[in-house]
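So the chains spell out like this:
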Amino acid sequence: MDALDRLAEPGLDLLRRVDRLIAAGVGEGHRVWPLLRRMQVLPGDAVRGFLDLHPAPLAGAGHAVRRLVRGYDDVSAALTDPVLWSGPAATAYGQQRAALLRHLDEGPDSLVGRLESTAGYADALADWVEGSRLALARTLADVLRSAEAVAVVAATATGPSTGPGPVGPGVADAAEIAARVLAVLCVAYDGAETLLRQWAPSLAETAWRPPADGRPHYDQPTRVGW
């Protein structure tokens, strides 16, 4: 259990009240509107969804992917055993073996390279989740002890209030809390999109590279899949 888990219950209770007041109407010029339009969700629902994100499963996935590399290492070792025969078939086999070794484990575009990139991406996502949860927890801690939170609780103590004028009591305070919460979530999701752009080239499917001479041989497979 981290800081965000510990703040979940009081934070969600406050944000349910915030959502109710926002539904009563917020002034069009308030800074919460661009955030609401971008996120397409009220702050309570946004936080509730984020609570399901945890770093441990992603870190575990990275470790599991790295363990797969050992199997590729075993295959590569078997392919490097000396061949005690000669002739055209041995030459063709040697060309295919060299191509397969390159495909298995030679540079970032090899299968092992892609596995390592996938594991690295999982680690980066785990770090992103951990950092984003901490940032959200800090924001929730701040708003829970704010004057705006006191006003929101008072305004919703007996149900939503419309009050006189275009904006009822507590609505402006609720909008301020919503803006602070949605702003930190926007930053978090910007970080996730940045990670995807950075890692996407390293996560693309790797293609089979045929032997250097490019000529077919009688014992050459048309495609190698792993």
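This one's a predicted model, so the numbers in the text were calculated from it and none came from an experiment.

What counts and how
Residues numbered from 1 in each chain as written. Predicted model: local features only at pLDDT ≥ 70, side-chain atom pairs only at ≥ 80, totals over all residues. Heavy atoms only, no water. Axes fitted to C-alpha atoms, helices over the stretch in contact; angles between N-to-C directions. Helix = DSSP H or I, 4+ residues; strand = E, 2+ residues; numbered from the N terminus. Parallel < 35°, antiparallel > 145°, perpendicular 65-115°, else oblique. Left-handed = near helix turned anticlockwise from the far one by under 90°. Contact = heavy atoms within 4.5 Å. Nonpolar A, V, L, I, M, F, W, Y, C, P; charged D, E, K, R; others polar. Phe/Tyr/Trp six-rings, centres within 6.5 Å; stacked < 30°, edge-to-face > 60°. Buried < 20%, exposed > 50% of the residue type's maximum accessible area, 1.4 Å probe, protein only. Patch = residues over 30% accessible without salt bridge, like charges linked within 9 Å, V, L, I, M, F, W, Y side chains within 5 Å. Areas by Shrake-Rupley, 256 points an atom, 1.4 Å probe, with all protein chains shown as cover. Salt bridge = Lys/Arg side-chain N within 4 Å of Asp/Glu carboxyl O. Lys, Arg positive; Asp, Glu negative; His and termini not counted. Charge placed at Lys NZ, Arg CZ, Asp CG, Glu CD.

A word on the packing of helix α1 (residues 3–23) against helix α8 (residues 171–203)
Packed helices, taken two at a time, are described by the angle their axes make and the gap between the axes.
And step 1. One way to put it is that α1 packs onto α8 with a least axis distance of 9 Å and a crossing angle of 120°. When the interaxial angle is binned, α1 and α8 end up oblique. Judged by the sense of rotation from one axis to the other, the crossing of α1 with α8 is left-handed. Touching L14, L15, V18, L21 and I22 of α1 are V171, A174, I177, A178 and V181, all from α8.
And step 2. A breakdown of the residues in the contact of α1 with α8 according to their chemical character gives ten nonpolar, no polar and no charged.

Some thoughts on the packing of aromatic side chains
And step 1. One pass over the structure, following the stated rule, counts four aromatic pairs.
And step 2. Geometrically, the ring pair formed by Y121 and W199 is tilted, given 6.2 Å between the ring centres and 45° between the ring planes. Residue Y121 is located in helix α6 (residues 111–144), and its partner W199 is located in helix α8; the two are separated by 78 residues in the primary sequence.
And step 3. Y121 sits in the buried class, given a relative accessible area of 17%.

Describing a negative patch on the surface
And step 1. Taken together, the side chains of D73, D74, D105, E106 and E116 define an acidic patch exposed on the protein surface.
And step 2. Here D105 lies in helix α5 (residues 88–105).
And step 3. Taking relative accessible area as the criterion, D105 reaches 39% and is therefore assigned partly exposed.

Quick notes on the pattern of salt bridges
And step 1. On inspection of all chains with the given rule, the structure shows eleven salt bridges.
And step 2. Close ionic contact of R133 with D5 constitutes a salt bridge, the shortest N to O distance being 2.9 Å. Separated by 128 residues along the polypeptide, R133 in helix α6 and D5 in helix α1 bring together distant segments of the chain.
And step 3. By relative accessible area, R133 is classed as buried at 1%.
And step 4. With a closest N to O distance of 3.9 Å, R16 and D13 form a salt bridge. A residue pair is termed a helical-turn pair when its members lie 3 or 4 positions apart in one helix, as R16 and D13 do in helix α1 at three residues.

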